[in-house]
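A look at the structure
Each chain, letter by letter, is given below.
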Amino acid sequence: MIPHACAAFSMSAFLEGTIETILVVEDEAIVCELAAEALSDEGYRVLTAADALEAEAILARESVDLLFTDIDLARNTNGLALAHHARRERPGLPVVYTSGGRGSLSHGEAVAQSIFVPKPYRPSDLVALTKDILRRSHPHHA
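The structure displayed is predicted, hence computed values, not measured ones.

**What about the UniProt feature "modified residue: 4-aspartylphosphate" (unreviewed entry) in the protein chain?**
As recorded in UniProt, the feature "modified residue: 4-aspartylphosphate" (unreviewed entry) lies at Asp70. Assessed through its relative accessible area of 5%, Asp70 is described here as buried. When sequence neighbours within four positions are dropped, the list of residues in contact with Asp70 reads Val25, Glu26, Asp27, Gly79, Thr98, Ser99 and Lys119.

**Let's talk about the nonpolar core**
Within the largest apolar cluster, 22 residues are counted, with the highest numbers of intra-cluster contacts made by Leu23, Val25, Leu67, Leu82 and Tyr97. Looking at this core, the elements with two or more residues in it are strand 1 (21-25), strand 2 (45-49), helix 3 (52-61), helix 4 (79-89) and strand 4 (95-99). Ignoring sequence-local partners within four residues, the contact set of Leu82 consists of Val25, Ala52, Ala55, Glu56, Leu59, Leu67 and Thr69. Membership of the second largest hydrophobic core comes to 20 residues, among which are Val31, Ala36, Ile133 and Leu134.

**Concerning helix 4**
Gly79, Leu80, Leu82, Ala83, Ala86 and Arg87 are the residues of helix 4 that are buried. The buried residues of helix 4 occupy an angular sector of 160° when projected down its axis, which confines them to one face. Exposed positions of helix 4 whose direction lies more than 90 degrees from the buried face are Arg88 and Glu89. Against strand 1, helix 3, strand 3 (66-70) and strand 4 lie the buried residues of helix 4.

**Re the packing of helix 3 against helix 4**
Helix-helix packing: each pair is described by the crossing angle between the helix axes and the interaxial distance. Here helix 3 crosses helix 4 at 15°, and the two axes come no closer than 10 Å. The angle between the axes of helix 3 and helix 4 places the two elements in the roughly parallel class. Helix 3 and helix 4 meet at a crossing whose hand is right-handed. For the pair formed by helix 3 and helix 4, the contact residues are Ala52, Ala55, Glu56 and Leu59 on the first element and Leu82, His85 and Ala86 on the second. Taken together, the residues of the contact of helix 3 with helix 4 sort by class into 5 nonpolar, 1 polar and 1 charged.

Rules and cut-offs
- Residues numbered from 1 in each chain as written.
- Predicted model: local features only at pLDDT ≥ 70, side-chain atom pairs only at ≥ 80, totals over all residues.
- Heavy atoms only, no water.
- UniProt positions renumbered as here; feature names shortened; annotations may be inferred.
- Buried < 20%, exposed > 50% of the residue type's maximum accessible area, 1.4 Å probe, protein only.
- Contact = heavy atoms within 4.5 Å.
- Core = buried A, V, L, I, M, F, W, Y, C linked by side-chain atoms within 4.5 Å.
- Helix = DSSP H or I, 4+ residues; strand = E, 2+ residues; numbered from the N terminus.
- Arc of directions from axis to C-beta.
- Axes fitted to C-alpha atoms, helices over the stretch in contact; angles between N-to-C directions.
- Parallel < 35°, antiparallel > 145°, perpendicular 65-115°, else oblique.
- Left-handed = near helix turned anticlockwise from the far one by under 90°.
- Nonpolar A, V, L, I, M, F, W, Y, C, P; charged D, E, K, R; others polar.

Written out as structure tokens, the structure reads:
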């Protein structure tokens, strides 16, 4: 299992200085591991948390380039509140929500310019979406 604060990167990403950090917030261990592994395999530094409280602690001490969060999390926390908290601290932070219990999010629930991906999703789709979002938010790394 991937630890809660894991970091993995490819040598080419390291040499280019383009290691971007993704925070994956997911309380289902196997789902978290699959998402984190897919992103790590593509050269991203991946941090993981099982709930919004852990995620907020990570956001307070780490530079994160993208937040990927489930909506319904452990300890009665949720990704919606987490994303709003994260955006207050980092207004431009890209946010991707996921959920197995919802088909979509209303604009009032989600932070502006966020993306919703329903479960189940393919890890390859998550990687492609992440690359696209980060390419648009960090064009100098493209």
